[in-house]
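So the chains spell out like this:
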Amino acid sequence: MKASWWIPVAGLGIVLLAGGCAKRPAPPQPPPPLKQNIFALLPEPDGKTGRIVVSNSGGSQELNQPNQAVRVEREAVQPSAPFILGQDAVRRLFGAALDILPPPEIQFVLYFDEASDDLNAASLAQLPAILRTIQERRSTAVTLMGHTDTTGDPQSNYRLGMSRAQKAADYLRARGVDTSSLIVDSHGESELVVKTPRGRAERLNRRVEVIVR
Amino acid sequence: MVATRLLTAIALFFWFALPAVCQQSIVGSLKAVRGTVVVRRGTESLPGQQGLHLMAQDIVQTSADGSVGLILQDGTRIALGPSTELKIDQFVYAPVDGKFGLLVRLTRGVMAYISGKIAQYSPESVRVETPVGIVGLRGTDFAISLGGG
């Protein structure tokens, strides 16, 4: 259910080098780097590659191959023909940024009994791992989104979803997670995992989705 | 009479103030910080510390020894190298309402970017602007005839 959401569509690296380099009283060698702006499409961890278009008033170029890049001299000049950057060039240009990319967000799902906002045994068993993840990542941006199935009416389901999310948030707060790090909200019955007609009890729809960033 | 006017004034104040307050919701957070990083918010200048919440319109700046990794609320990940400046111009992530928008402006330096859910749901809503050109995302499945060039 969650897997497809984690796949990034495009890895993109951009280097904009300031024009001042050439003026610096540089040692005779090596020669100063050329002033150039580079846009590169980097492969994703799973091997897929997205597609990006780099455009300005001079024209545009599409990048759709891993490590494909264009140079852009200035806004009025069309981006260069795409070329492939070697691994060493990728490191040299983008290494400082790539080294500090944060890990992807992680999603957990807590399930609830019918018409109940109580944390059941299965949910309680999962919460320590969620707490540990928040602590390890020192996350200050955790979303707890409550959901319900289609039994009951939409208004009370909105409140039930909120109440479920609050119960999970209370557990985390009681163990030291700062309130300002928790975003508690409800989608009621408007985001069903299993599409059902009205009035249908469905375990997979009664849930709180917890996203730790 | 006076009381009525006062009430009207208060009502109007909230009427107009409320949307502004809503826009102040967090759009992301700083995850890893090296060297000197500053977040400029209006006239404020905040030290860029791990965990700092980001708001729309924030400008993230790194010094010559600085770099920073941040994550937006849709899962978009951005890393900035040294001597870099990035403004988060627009962030809208409301899947239930079908509303999406992500506009960031890189004015100098080095950036690495990995898409999140906004790009998954609505790639055409994502734009990265730079002084020399704009980057747009394309969906994976159709051919697009590029204008110009």
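Coordinates for the structure precede this section.
Scope of this entry: the structure provided in the associated data block. On a predicted model such as this, the values are computed, not experimentally measured, just so you know.

**Quick word on the overall build of chain B**
Per the secondary structure count, chain B includes 2 helices and 11 strands. Sorting the 149 residues of chain B into buried and exposed places 47% on the buried side. Carbon and sulfur atoms form 61% of the exposed surface of chain B, whose accessible area is close to 7300 Å².

**Some points on the pairing of strand β11 (residues 134-138) of chain B**
Bridging between strand β3 (residues 51-56) of chain A and β11 of chain B involves 5 bridges; their strand directions are antiparallel. Each residue of the ladder has a partner; that of arginine 51 of chain A, found in β11 of chain B, is arginine 138 of chain B. Pairing of strand β10 (residues 126-129) of chain B with β11 of chain B, which is carried by 3 bridges, proceeds in the antiparallel orientation. Following the sheet pairing, arginine 127 of chain B is matched in β11 of chain B by glycine 136 of chain B.

**Notes on the nonpolar core**
Of all hydrophobic cores here, the largest spans 36 residues; its most connected members are Phe39 and Val54 of chain A together with Leu54, Val60, Ile78, Leu102 and Met111 of chain B. If one sorts the elements of this core by residue count, strand β9 (residues 99-114) of chain B sits on top with 6 residues. Those residues in contact with leucine 102 of chain B that lie beyond four places of it in its chain are Leu72, Thr76, Gln90, Phe91, Tyr113, Ile118, Ser125, Val126 and Arg127 of chain B. Within the second largest apolar cluster, 20 residues are counted, among which are Ile134, Ala165, Leu182 and Val212 of chain A.

**Details of the pattern of salt bridges**
All names here are of chain A. One pass over the structure, following the stated rule, counts 17 salt bridges over all chains. Linking lysine 167 and aspartate 117 is a salt bridge whose minimum nitrogen-to-oxygen distance equals 3.0 Å. Taken together, the residues span a long stretch of sequence, with lysine 167 in helix α4 (residues 154-174) and aspartate 117 in the loop between β7 (106-111) and α3 (121-137) at a distance of 50 residues. Judged by its relative accessible area of 29%, lysine 167 falls in the partly exposed class.

**Some thoughts on the environment of proline 154 of chain A**
All names here are of chain A. Checked against the element boundaries, proline 154 lands in helix α4. Taking the C-alpha atoms as reference points, proline 154 and glycine 59, 95 residues apart in sequence, are found 50 Å from one another. Not counting the four nearest positions on each side in its chain, proline 154 is found in contact with Glu189 and Arg198.

**Some points on the packing of aromatic side chains**
The final tally for this structure, using the stated rule, is 2 aromatic pairs over all chains. Where tyrosine 93 of chain B meets phenylalanine 100 of chain B, the ring centres are 6.3 Å apart and the plane angle is 45°; that geometry is what we call tilted. Among the residues examined, phenylalanine 100 of chain B registers a relative accessible area of 19% and is labelled buried. Consider the rings of phenylalanine 100 of chain B and tyrosine 121 of chain B, whose centres lie 5.2 Å apart with planes at 20°: the pair is stacked. Taken together, the residues span a long stretch of sequence, with phenylalanine 100 of chain B in strand β9 and tyrosine 121 of chain B in helix α2 (residues 117-121) at a distance of 21 residues. A relative accessible area of 37% places tyrosine 121 of chain B in the partly exposed class. Taking NZ or CZ as reference, arginine 175 of chain A lies 3.6 Å from the ring centre of tyrosine 171 of chain A, over its face. For the cation-ring pair, arginine 203 of chain A lies above tyrosine 111 of chain A, with the distance from its terminal atom to the ring centre recorded as 4.7 Å.

**A few points about the sheet that holds strand β10 (residues 207-212) of chain A**
Each strand in a sheet pairs with another by means of backbone hydrogen bonds, the pair being arranged parallel or else antiparallel. All names here are of chain A. The 4 strands lie next to each other as β7-β10-β8-β9, forming an open sheet whose pairing is mixed. Two strands bound the open sheet, and with one partner strand each, they are β7 and β9 (182-188). Taking each pair of neighbouring strands and ignoring which way they run, the sheet shows an average axis angle of 20°. In terms of strand pairing, strand β8 (residues 142-147) meets β9 through 6 bridges, oriented parallel. Bridged to leucine 144 within β9 is valine 184. α3 rests against β7, β8 and β10 of the sheet, and its axis sits at about 160° to β7. Taken strand by strand, α4 contacts β7, β8, β9 and β10, and its axis lies near 155° from that of β9.

**Side note on helix α2 (residues 87-98) of chain A**
Three or four residues apart is the spacing at which side chains of an α-helix point the same way, because the helix has 3.6 residues per turn. Over its 12 residues, α2 of chain A runs only 13 Å from end to end, short of the ideal 16 Å by more than 12%, given 1.5 Å per residue. Those residues of α2 of chain A lying buried are Ala89, Val90, Leu93, Phe94, Gly95 and Ala97 of chain A.

**Observations concerning the interface of chain B and chain A**
One frequently used descriptor of interface size is the decrease in accessible area upon assembly of the parts. Counting from both sides, the interface comprises 59 residues of chain B and, opposite them, 55 residues of chain A. Around 4500 Å² of area is buried between chain B and chain A when both sides are counted, 61% of it from carbon and sulfur atoms. At the surface where chain B touches chain A, the tally comes to 1 salt bridge. A salt bridge links glutamate 105 of chain A to lysine 117 of chain B; the shortest N-O distance between them is 3.0 Å. Listed by contribution, the elements that provide at least two residues to the side of chain B that touches chain A are β1 (28-34), β6 (67-72), β7 (77-80), β9, α2 and β11 of chain B. For the side of chain B that touches chain A, the element with the highest residue contribution is β9 of chain B, accounting for 9 residues. For the side of chain B that touches chain A, the residue count by class is 30 nonpolar, 21 polar and 8 charged.

Calculation rules
Throughout, residues of each chain are indexed from 1 in the direction in which the sequence is written. Labels are handed out in written order, letters beginning with A for the chains and numbers beginning with 1 for the ligands. For this predicted model, a pLDDT threshold of at least 70 governs which residues receive local features, and a threshold of 80 or more governs which side-chain atom pairs are given and counted, while totals over whole chains, interfaces and linings are taken from all residues. The basis for every side-chain value is the complete set of heavy atoms in the structure, and neither hydrogens nor water enter the calculation. Secondary structure elements follow DSSP: runs of H or I no shorter than four residues count as helices, runs of E no shorter than two count as strands, and numbering proceeds from the N terminus. Each residue's exposure class comes from its accessible area (1.4 Å probe, protein chains only) as a fraction of the maximum for that residue type: buried when under 20%, exposed when over 50%, partly exposed otherwise. We get accessible surface area from the Shrake-Rupley algorithm with a probe of 1.4 Å; when it comes to residues, only the shown protein chains can shield them. By the convention used here, strands pair only if DSSP detects at least 2 bridges between them. Residues enter a nonpolar core if they are buried and are Ala, Val, Leu, Ile, Met, Phe, Trp, Tyr or Cys, with the set joined through side-chain atoms within 4.5 Å. Any two residues whose heavy atoms approach within 4.5 Å at even a single point are treated as in contact. Here a salt bridge means any side-chain nitrogen of Lys or Arg lying within 4 Å of a carboxyl oxygen belonging to Asp or Glu. Side-chain rings of Phe, Tyr and Trp (the six-membered ring for Trp) are treated as a pair once their centres are within 6.5 Å; stacked means planes under 30 degrees apart, edge-to-face means over 60, and tilted covers the remaining angles. Counting as a charge over the ring demands two things of the Lys NZ or Arg CZ atom: a distance within 6 Å of the ring centre and an angle within 35 degrees of the ring normal. Every angle, taken between N-to-C directions, lies between 0 and 180 degrees, and every axis is a line fitted to C-alpha atoms, over only the stretch in contact when it is a helix. What a helix is expected to span follows from its residue count: subtract one and scale by 1.5 Å. Buried area counts how much accessible surface, traced with a 1.4 Å probe, disappears from two parts once they are put together, with both parts' losses summed. Polarity classes work like this: nonpolar for Ala, Val, Leu, Ile, Met, Phe, Trp, Tyr, Cys and Pro, charged for Asp, Glu, Lys and Arg, and polar for all others, with Gly in that last group.

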